[in-house]
Every structure is written in C-alpha cells, then in structure tokens.
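So you can see what is in the structure, the chains are spelled out below.
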Amino acid sequence: MYAPRRPSRSDFVPVRNLRYHVLSWGEPCAGRAPLVLLHGWMDVAASWQFVVDALAQDRHVIAPDWRGFGRTGGGGADNYWMPDYLADLDWLLDHHAGDQRVDLVGHSMGGNVAMAYAGVRPNRIRRLVNLEGFGMPAFRPDEAPGRYARWIDENKKLHAGGMALSGYADADGVARRLAKTNPRLAADKAAWLARQWAQPVRQANGSERWEIQGDAAHKVINANIFRVDEILALYAAITAPVLAVEAGDDSLAGWWAGRYTLEEYHQRLRSLRDVRTARVEDAGHMLHHDQPAQVAALIEDFCAAG
C-alpha cells in the first residue's frame, strides 16, 4: 500500500453550523502564503496526498473536506448549492489565513469554486491554479422549467432512497472500483485512497460494509440553470494570476458530447486578466492522481513566480 511521505494532521473547524474537517501539512511560515487545496465532486481532502508528497519543498498546506464529503457533515441538507461552498471557503480562510493572501488550487468542482471565489474575494488570492474546473455548458432560458421539474423529481427520489451510494464488502472492493474508474491509478495508491474515500459501517445484521464518504444528496442536480454571463463576470473580477491546467485526455468530449468543448472553455478564459494554460500528458480528469509529480511541479513553479 502507498505510504505517505508527508504525514497530515486532522482538525475540525466550526463553519456555519458545521464541523468542517480539514487536513494540513507543514507549518505556517511568516511571509509565505498558505497553499489551499480544494477537492472535486465525490472526492475527499486526502486525495491531495500524492501531490503534497511530490512537492519539492516543505510548505504549509491546507485541504478541507467540502460539506457532505469525507468527514465533514452535510447538516441534513437534501441538495447542495455553489454559494454555500463560497461562503464555507471564506470562513475557512478566516480561520487558517486571516488577512494573509493564499495560493489557491482547485480540482474539478473545487476548481469551479476556486474560480468563482477568486472573483468574489479577489484580494484574498495571491495565485490561482485551476485543475480541470471547466464549469458547465451554456443553458438556454427555456430549459429552466424542465430543470426545476427534474430537481424536484430527483429530490423526491433521494428521500425515497433511490439515490443511495453503493457499498462494498471490504476496502479492496473500493480500491477495485477506483481502479476501474481510473485505469491509470496505481494499485498501491488505489489501496491507500480507498481507505480515505470510504469507511466501514456496521449494518443492522451485524455485518460490516464499506460506504463512500459522500452524501447521496450531492447527486441531486442544481435547480438553477448554469449562466455563462455570470461566470464570465466572476472571471473578469479575478485579479490574481491564473494557471488553467487540463489533462491530455479531453474530459469534456466524454461528458458533454459536443455540447461543451475545450475550445469554448478556452474562449471563457479570455475574460481573465492574467491567465496561462498548461497540459498534463498521460493523464485523465483525475490528473492529480495520474501525474502528481507533474501537477506538483506546475503548482510550485507557478506559485514561485512573481
């Protein structure tokens, strides 16, 4: 099994009536911005361990489990909203960074949160690295009625138990699931990550099953349609330099079948004042698992600039 090179510390922080679970590595250093890592949908903070281990220099690193993921509770929510992530992040930075600016890195959903937050609180961000946080396709206003209807239907399905996450007989089963989803994930990393991504839960009959540490309510779609004009306004408000990183495999081509393309994403990036792009070859969407050394080098080189 993978053996972490840099051990993490686990802590709980009060955030908006929730106990937020936060991992940290290294120690605060006067005059040096903390590195804040934001995980993606159905992922956990521990997922960053491979990148942290690949960093060339020791650094104070902070990675929260988003609400309803990992060891952070969801507070009884039956669906989740983007503005909550923005507010949660603001509370977390109050606690961990105070008035100090941070270097912010986000993957996938975490990348989307990082980009939006940097537009809302531009003075809090020193450098921003977006790993495959593409946003979503443009939606037409006439899609709104169907979207609201689907949101209601999925919420009913959730409450009826129809959106429960799969369980596994043991941690090895979780590891096989991770490896099936991402064939590039090495077996030792899959075995270690499985024990962070899921936990054993005692069943009513006395048996034990490993369950994913993610609230099934995250599967309920957002009720509101995605507004590109709003996202572009947030991008335009970002003052920090941005590094937009994508994997060699085209994730968008598989997700949206032409409705949203890398070309359109690159057009959106033009709204940013200071942006550069990078590509990580031999990697899919989980590029921080596939090529952690390359991702760590990109982060360090970019954050060392200026």
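Residues numbered from 1 in each chain as written. Predicted model: local features only at pLDDT ≥ 70, side-chain atom pairs only at ≥ 80, totals over all residues. Heavy atoms only, no water.

**Q** Just to check I follow, could you spell out the sheet that holds strand S5 (residues 102-107) for this structure?
**A** Strand pairing in a sheet takes place through backbone hydrogen bonds and is either antiparallel or parallel in direction. Reading across the sheet, the eight strands line up as S1-S2-S4-S3-S5-S6-S10-S11 and stay open at both edges, with mixed pairing between neighbours. Sheet topology places strand S1 (9-15) and strand S11 (275-280) at the edges, where each strand pairs with a single neighbour. Neighbouring strand axes in the sheet, compared pairwise and without regard to direction, differ in orientation by 25 degrees on average. Bridge count for strand S6 (residues 125-131) against strand S10 (residues 242-247) is four bridges, and the pairing is parallel. Residue pairing across strands places Val129 opposite Leu243, the latter belonging to S10. Here helix H11 (residues 292-304) sits on the sheet and contacts strand S3 (35-38), S5, S6, S10 and S11; the angle it forms with S6, its principal contact strand, is near 155 degrees. (Pairing = 2+ DSSP bridges. Helix = DSSP H or I, 4+ residues; strand = E, 2+ residues; numbered from the N terminus. Axes fitted to C-alpha atoms, helices over the stretch in contact; angles between N-to-C directions. Contact = heavy atoms within 4.5 Å.)

**Q** Help me understand the packing of helix H5 (residues 171-181) against helix H6 (residues 187-197) in this model?
**A** Two measures define how a pair of helices packs: the angle their axes make with one another and the distance between the axes. Put simply, H5 and H6 touch, their axes get as near as 8 Å, and they point 110 degrees apart. Considered as vectors, H5 and H6 are oriented roughly perpendicular to each other. For the element pair H5 and H6, the recorded crossing hand is right-handed. Facing Ala171, Asp172, Val174, Ala175 and Leu178 of H5, the residues of H6 in contact are Ala190, Ala191, Leu193, Ala194, Arg195 and Trp197. Split by residue class, the contact of H5 with H6 holds nine nonpolar, no polar and two charged. (Parallel < 35°, antiparallel > 145°, perpendicular 65-115°, else oblique. Left-handed = near helix turned anticlockwise from the far one by under 90°. Nonpolar A, V, L, I, M, F, W, Y, C, P; charged D, E, K, R; others polar.)

**Q** Would you explain the packing of aromatic side chains in this entry?
**A** Per the stated rule, a full pass over the model turns up seven aromatic pairs. Geometrically, the ring pair formed by Phe134 and Trp255 is edge-to-face, given 6.4 Å between the ring centres and 65 degrees between the ring planes. Here the residue Phe134 occupies a position in the loop between S6 and helix H4 (144-159), and Trp255 occupies one in helix H8 (residues 251-256), the gap between them amounting to 121 residues. For the ring pair Phe134 and Tyr265, a centre distance of 4.8 Å and an interplane angle of 85 degrees mean the geometry is edge-to-face. (Phe/Tyr/Trp six-rings, centres within 6.5 Å; stacked < 30°, edge-to-face > 60°.)

**Q** Can you walk me through H5 in this structure?
**A** Side chains that are three or four residues apart share a direction in an α-helix, a result of its 3.6 residues per turn. Those residues of H5 that fall on the buried side of the exposure criterion are Ala171, Gly173, Val174, Ala175 and Leu178. Tucked inside the fold, the buried residues of H5 contact strand S7 (167-168), H6, strand S8 (198-202) and strand S9 (208-212). Near the N-terminus of H5, the side chain that reaches the backbone nitrogen of Asp172, with its oxygen 3.3 Å away, is that of Asp170. (Buried < 20%, exposed > 50% of the residue type's maximum accessible area, 1.4 Å probe, protein only. Polar contact = N/O pair within 3.5 Å; in protein donor to acceptor, adjacent residues only side chain to side chain.)

**Q** What's the story with H11 in this structure? I'm lost.
**A** Here H11 contains 13 residues, and its C-alpha end-to-end distance of 18 Å stays within 8% of the 18 Å for a straight helix at 1.5 Å per residue. What H11 keeps buried is the set Pro292, Val295, Ala296, Ile299, Glu300, Phe302 and Cys303. (Expected span 1.5 Å × (residues − 1).)

**Q** Looking at this model, I keep getting lost on the pairing of S5. Mind explaining?
**A** When a strand is regular, its side chains alternate between the sheet's two faces. Among the six residues of S5, six are classified as buried, and the element is accordingly described as predominantly covered. In S5, alternate side chains face the same way, and those of Val102, Leu104 and Gly106 on one face and Asp103, Val105 and His107 on the other are all buried. Strand direction decides the pairing type here: S3 and S5, joined by four bridges, are parallel. Bridge pairing links Leu38 to Gly106 in S5. Examined bridge by bridge, S5 and S6 share six bridges and lie parallel to one another. By the bridge assignment, Val105 is partnered in S6 with Val129.

**Q** Hey, could you run me through the sheet that holds S7 in this one?
**A** Strands sit in the order S7-S9-S8 across an open sheet of three strands; the sheet is antiparallel. Edge strands, defined here as strands with exactly one partner in the open sheet, are S7 and S8. As paired strands, S8 and S9 are joined by five bridges and run antiparallel to one another. Bridging across to S9, Val201 finds its partner in Arg209. Sitting on the sheet, H6 touches S8 and S9, and the angle it makes with S8 is about 55 degrees.

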